[in-house]
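For reference, the chains in residue letters:
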Amino acid sequence: MDARLRRVNKEIADCKNDKSSGIRIDLVDESPFHLKGSFPGPQDTPYEGGYFEVDIVIPESYPFQPVKMKFITKIYHPNVSSASGAICLDILKDAWSPVLTLKSTLISLQSLLCSPEPSDPQDAEVAKHYMTSKSSFEDTARYWTQIYAGGPGPKEKSDGKDEVAIAGLERAHVDRFEALGFQRGKVIDALRRLNYRGPNVPKIPDDRVVEELLK
Amino acid sequence: MSDMSDDNDYYSDEDMFDGTQDEDESGDEMELDNFGDDFKVPAKDKKKSYEVDYDSLSQQAVEKLMARDINHICSILGVEVDTASLLLRDQKWNKEKLIEKYMDNPTKVSVDAGATLPETGPPPPAPLRNSTSSSSQSSNRRTTRGSKMLGLGPKTKSPTSSPTISHHVPQSLKRASSKKAEDFFVCQICFNDAPNLQTLALDCDHAFCTECWGDYIVSKIKEESEHSIRCMAEGCALVAPDHFIRDTLLPAPGAPVGDVERESQNIAAWTRFQELIVRHFVGCNRNLKFCPYPSCTNTVSCPSAASKASLASTVPIVSCGARGIGPQDQEISKSQQLGFGLQGKEHRFCFGCPIESDHRPVICAVSKMWLKKCADDSETANWIKSNTKECPICQSTIEKNGGCNHMTCKKCKNEFCWVCMGPWSEHGTAWYSCNRFDEKAGVDARDAQSKSRASLERYLHYYNRWANHEQSAKLSVDLYAKTEKKMEDMQITSALTWIEVQFMKKAVEEVEKCRTTLKWTYSMAYYLAKGNEKELFEDNQRDLEKAVEDLSELLESPIEPDTIPTLRQSVTNKTVYVQKRNEIVLEDTANGFLEGRWKWNVAVDGFDDPEETVL
Ligand SMILES: [Zn+2]
Ligand SMILES: [Zn+2]
Ligand SMILES: [Zn+2]
Ligand SMILES: [Zn+2]
Ligand SMILES: [Zn+2]
Ligand SMILES: [Zn+2]
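Residues numbered from 1 in each chain as written. Chains lettered and ligands numbered in written order. Predicted model: local features only at pLDDT ≥ 70, side-chain atom pairs only at ≥ 80, totals over all residues. Heavy atoms only, no water.

**So, the overall build of chain B**
Heads up, the condition is: Runs of E in the DSSP output that reach at least two residues are strands. Runs of H or I that reach at least four are helices, and both are numbered from the N terminus. Buried means the residue's accessible area, taken with a 1.4 Å probe over protein chains only, is under 20% of the maximum for its type, while exposed means over 50%, and partly exposed covers the values in between. The contact criterion used throughout is that any non-hydrogen atoms of two residues lie within 4.5 Å. Methods summary: accessible areas were calculated by the Shrake-Rupley approach with a probe of 1.4 Å, and residue burial reflects only the protein chains presented.
Along its length, chain B carries 18 helices and 13 strands. With 615 residues in all, chain B has 50% of them scored as buried. Pairs at least 24 apart in sequence give 64% of the contacts found in chain B among residues at least 6 apart. Accessible area for chain B stands at about 29,900 Å²; split by element, carbon and sulfur atoms hold 51% of it.

This is the structure in structure tokens:
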């Protein structure tokens, strides 16, 4: 059997058997090389209470080349692109070792949420926010955890700030659905619920958004 | 006919040259080439002012230079060959810096290079947490490393303890040796737990199965072009020494043939690995440059062009000595096989910049500026590249299918110049200049709009001629391919010998070469400051252009067996003349750089700022 397939199957099985870590790995479609990982946000962080999903693509020469991962769940973090979910983490690049596994990599992502590295940012805007005002950064991160990762807390946060911006949505996207005749507030809510960010995985067609808006 | 006046120009200019010029067309001191008396080429040992001294080196020759440095480090620092190689690679092959740093703190230098394990502190995290193999976690690994290689018999040596790069541990020995019974080993990468699994480890004792090591090394080399290949264990910074890589990739002599596909992939990776180290060495040495042609592994050494300052006065065009584009370039025509050595294009490139062709006589900085300008304005200038234009008199469509720019409209018989669309009859006369741009329009321009139109017109003038020479060179080579076929046929049907029908080839090559020079002279003229020097430059440019167009036209005349002797005579004469005009442009421009004669209308690295900016 193909060594890569054997290894990935074993990794998926090992992860299923281990209930203690809270890490999950699921198939996206038929292929064992396109997976979805998920884990709870770590305690005592703005991500606590949220549940984060990660898109996993296993390259041809895995495990000798690093696995490709990016966040599906929108997350406000200096080392994760707020637009695309791309992650800046050394083990996903130069520091990758073939002994690392999908599970250990997801655990590393989880601990990245505990200890951001703003000096080596993926999202310069978020990193700047983190450096200039940590408490304000944490407010936004917590808010995103609530609206995108199912975190607890009051859903309203109308202290005069731009709702679209704080939800991390693109104005153009909101404008587009508003132009169809929906209320702006409703559009923002629906796009939040859908974790909408344009071309991200999984791609959300306009019909799906309209369906959500008509609920 | 302007030849007389041209010759006068030429002789009156001769004191500008430094005596390396061959002044006499019929001089007999020239070396004869394959063409018998048809063509003379100047003796090779005379260096022209537009040439640089360089050597081309094969990969093996560079490996010898590397080995010299490695051995030097071995003897000075008292380290093994593989260690010396890792240390040098880590210090970018700077021996002095390495020796200095090593004397200061040998452990740090060695650990940083991945040549040895850290002496103190905790061992690197063991990746074998779930493994039942206890020996791999032993902390006294340094004292017992020789016997620590899992799966190897007691006679085998640890890779890094081998003194040279040579093949020390025959693979067959490794494969034949059986694993110790008490070791229950699971490879932490492929999860293989077969009882006879062969494993390998570096000094750190992080053991993995041989196949995983092989696949890992191949992946690093093939996908990352990496020559510094770290241990597979997480956080372990030890780098695999050369012979570990070789022993892992190459099958032992006499070993049974295994997976053929895997083995050939491994051998290819080993070849690539050696090339990567040579490339690294070459890349770290300012005197060397790797040939940029695909699949070529030659290197050129050109110390005189190693400094940035030298590039303000020389154009270091070099050739690696090879031709063609590797083994796939098998289409060699009959005449090429007959000894002209034309198996594809010569690997000619610039040592001073990334341009992969001859850009003489223009220095790198100006060439780069021009290419950038052309790329930025590519849309504006796209229409110029079209192969069809309208006759300026009767507006019928005329297609260009050869290199010659002397066009004759089939309908109205109007003769005109493809480049400027002006009457051909006036070309080559003293009062008509196809090559020179009339700057007056730009000077008279008052408002911003007419200024910008004037500046665009100025650019298009130069770009048009630049692009046209490039296109014409290609078209004349295409046309020659057809002519060559015809001449080969004529050999069969007439009494002509092979040698007698070769004059066209040499002429076409010369035309292509001169059009390359001409092409670049337009980029130079675009940036040259107005004045006497620019005018002299454009005089030489015009004379070369006229000569090239005349020869180009001749090359497109119909060929029949009975016209060949006269055609051969005039083509040969014109080829020699064109060669001389090209020499003049190249020599004079190169001398101008050496004498500091050229002034620019824009700021150029290594030159004084312009007195007035035109652009
Ligand atoms: Zn190691
Ligand atoms: Zn293995
Ligand atoms: Zn070459
Ligand atoms: Zn150059
Ligand atoms: Zn016409
Ligand atoms: Zn013209």
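Alright, that's what it looks like, and here's the rest.
**Looking at the interface of chain B and chain A**
Bring the parts together and some accessible area is lost; that lost area is often taken as the interface size. For clarity, the threshold we go by: Here the quantity called buried area is the accessible surface, traced with a 1.4 Å probe, that two parts lose on coming together, added over both. Every case where a carboxyl oxygen of Asp or Glu lies within 4 Å of a side-chain nitrogen of Lys or Arg is listed as a salt bridge. Polar contacts, as used here, are pairs of N or O atoms within 3.5 Å; protein pairs need one atom able to donate a hydrogen and one able to accept it. Residues neighboring in sequence count only if both atoms are side-chain atoms. Think of it as three bins: nonpolar holds Ala, Val, Leu, Ile, Met, Phe, Trp, Tyr, Cys and Pro, charged holds Asp, Glu, Lys and Arg, and polar takes everything else, Gly as well.
Facing 17 residues of chain B, the contacting portion of chain A comprises 15 residues. Together, the buried faces of chain B and chain A total about 1,300 Å²; carbon and sulfur atoms form 60% of this surface. At the junction of chain B and chain A, the tally comes to zero salt bridges. Linking chain B with chain A are seven residue pairs in polar contact (both at pLDDT 80 or more). Counting residues per element, the side of chain B that touches chain A draws most heavily on helix α8 (residues 210–224) of chain B, at seven residues. Broken down by class, the residue content of the side of chain B that touches chain A amounts to nine nonpolar, two polar and six charged.

**Observations concerning the confidence of the model for chain B**
Residue and element names in this part refer to chain B. The criterion, for reference: The predictor attaches a confidence to each residue, called pLDDT, with possible values from 0 through 100.
Confidence in the prediction of chain B, expressed as mean pLDDT, is 78, and 75% of residues score 70 or more. Across chain B, helix α3 (residues 81–90) holds the top mean pLDDT of 97, while helix α6 (residues 145–148) sits lowest at 34. Scored below 50 in pLDDT, residues 1–43 shows 72 contacts in the model against residues more than four places distant or in partner chains. As scored by the predictor, the complex reaches a pTM of 0.73 and an ipTM of 0.75.

**Examining the UniProt feature "domain: RING-type" (unreviewed entry) in chain B**
As a reminder of what qualifies: UniProt positions are given in the numbering used here, feature names are shortened, and annotations may be inferred rather than shown by experiment.
Residues annotated in UniProt with the feature "domain: RING-type" (unreviewed entry) correspond here to residues 183–438 and 187–231 of chain B. Helix makes up 33% of residues 187–231 of chain B and strand 9%, with an end-to-end C-alpha separation of 14 Å.

**Observations regarding the packing of helix α2 (residues 59–77) of chain B against helix α10 (residues 260–283) of chain B**
All names here are of chain B. Definition in use: An axis is simply a line fitted to the C-alpha atoms; with a helix, the fit covers only the stretch in contact. Between two such axes, the angle follows the N-to-C directions and lies from 0 to 180 degrees. By the definition adopted for this analysis, an angle is roughly parallel if under 35 degrees, roughly antiparallel if over 145, roughly perpendicular if from 65 to 115, and oblique otherwise. Note on convention: the crossing is left-handed when the near helix lies turned anticlockwise from the far helix by less than a right angle, right-handed when the turn is clockwise.
For the pair α2 and α10, the least separation of the axes is 10 Å and the interaxial angle reads 70 degrees. By the angle class used here, α2 and α10 are roughly perpendicular. In terms of crossing hand, the pair formed by α2 and α10 is left-handed. Here α2 contributes Gln59, Val62, Glu63, Leu65, Met66 and Asp69 to the contact with α10, which in turn contributes Gln274, Glu275, Ile277, Val278, Phe281 and Val282.

**Quick look at the UniProt feature "active site" (unreviewed entry) in chain A**
All names here are of chain A. The sites that carry the UniProt feature "active site" (unreviewed entry) are, in the present numbering, Cys88. Note that Cys88 resides in the loop between β4 (68–71) and α2 (102–114). The contact partners of Cys88, leaving out residues within four places of it in the chain, are Asn79, Lys93, Leu112, Asp120 and Gln122.

**Considerations on the packing of helix α12 (residues 364–376) of chain B against helix α15 (residues 448–493) of chain B**
In a packed pair of helices, the relevant descriptors are the angle between the two axes and the axis-to-axis distance. Residue and element names in this part refer to chain B. In the contact formed by α12 and α15, the axes pass within 12 Å of each other and the chain directions differ by 100 degrees. Put simply, α12 runs roughly perpendicular to α15. Counting all contacts with α12, which are made through Trp370, Leu371, Lys373 and Cys374, the residues of α15 involved are Tyr459, Tyr462, Tyr463 and Trp466. A breakdown of the residues in the contact of α12 with α15 according to their chemical character gives seven nonpolar, no polar and one charged.

**Remarks on a negative patch on the surface**
Let me state the cut-off plainly: Only residues above 30% relative accessible area that lack a salt bridge enter a patch, with like-charged residues linked at up to 9 Å and the nonpolar side chains Val, Leu, Ile, Met, Phe, Trp and Tyr linked at up to 5 Å. Within this scheme the basic residues Lys and Arg register as positive and the acidic residues Asp and Glu register as negative, but His and the chain ends are omitted. For this purpose, a charge sits on NZ of Lys, CZ of Arg, CG of Asp or CD of Glu.
Taken together, the side chains of A:Asp90, A:Asp94, A:Glu117 and A:Asp120 define an acidic patch exposed on the protein surface. By secondary structure assignment, the location of A:Asp120 is in the loop between α2 and α3 (124–132).

**Side note on the coordination of the zinc ion (ligand 1)**
As a benchmark, a tetrahedral metal site with four donors has ideal angles of 109.5 degrees, while an octahedral site with six donors has ideal angles of 90 or 180 degrees. All names here are of chain B. As a reminder of what qualifies: Here the coordinating atoms are restricted to nitrogen, oxygen and sulfur within 2.8 Å of the metal centre, or 3.2 Å for Na, K and Ca, and because water is not among them the sites may look incomplete. Square planar and octahedral assignments, for four and six donors respectively, both demand that opposite donors be over 155 degrees apart and that all other angles lie between 65 and 115; tetrahedral needs four donors with all angles between 85 and 135 degrees, and anything else is irregular.
Within the protein, Cys204 (SG), His206 (ND1), Cys231 (SG) and Cys236 (SG) serve as the donor atoms for the zinc ion (ligand 1), at 2.0 to 2.3 Å. Angles of 98 to 114 degrees at the metal separate the four donor atoms of the zinc ion (ligand 1), which places the site in the tetrahedral class. According to the relative accessible area criterion, Cys231 is buried, its value standing at 4%.

**A short note on the pairing of strand β1 (residues 24–27) of chain A**
Residue and element names in this part refer to chain A. We apply this condition: Two strands are said to pair when DSSP picks up at least two bridges between them.
Strand direction decides the pairing type here: β1 and strand β2 (residues 34–40), joined by four bridges, are antiparallel. Of the residues in β2, the one forming a bridge with Asp26 is Lys36. Hairpin connection between β1 and β2: a loop of six residues separates the two successive antiparallel strands.

**Quick word on the domain arrangement of chain A**
Under the convention used in this document: Domain ranges listed in this record stem from an automatic or a database domain assignment.
Domain annotation of chain A identifies domain 1 (2–114) and domain 2 (156–214). On a C-alpha basis, the centres of domain 1 of chain A and domain 2 of chain A stand 27 Å from each other.

**Side note on α12(B)**
All names here are of chain B. Convention followed: Here, expected helix span is obtained from the residue count minus one, scaled by 1.5 Å. The arc in question is the one spanned by the directions pointing from the helix axis to the C-beta atoms.
In this model α12 runs 18 Å from its N-terminal to its C-terminal C-alpha over 13 residues, within 8% of the 18 Å that 1.5 Å per residue would give. Every buried residue of α12 is accounted for by Cys364, Val366, Ser367, Trp370 and Cys374. End-on, the buried residues of α12 take up no more than an arc of 165 degrees, which puts them together on one face. Those residues of α12 that are exposed and aimed more than 90 degrees away from the buried face are Lys368, Lys372, Ala375 and Asp376.

**Structural notes on the UniProt feature "domain: UBC core" (unreviewed entry) in chain A**
The UniProt record annotates "domain: UBC core" (unreviewed entry) at residues 3–150 of chain A. Structurally, residues 3–150 of chain A comprises 36% helix and 15% strand, and the distance from its first C-alpha atom to its last is 38 Å.

**Examining the sheet that holds strand β3 (residues 55–57) of chain B**
All names here are of chain B. Pairing within the open sheet is antiparallel, and its three strands lie in the order β3-β7-β6. Pairing within the sheet leaves two strands with one partner each, and these edge strands are β3 and β6 (288–290). Each neighbouring strand pair of the sheet contributes to a mean axis angle of 25 degrees, computed without reference to strand direction. Pairing of β6 with strand β7 (residues 299–301), which is carried by three bridges, proceeds in the antiparallel orientation.

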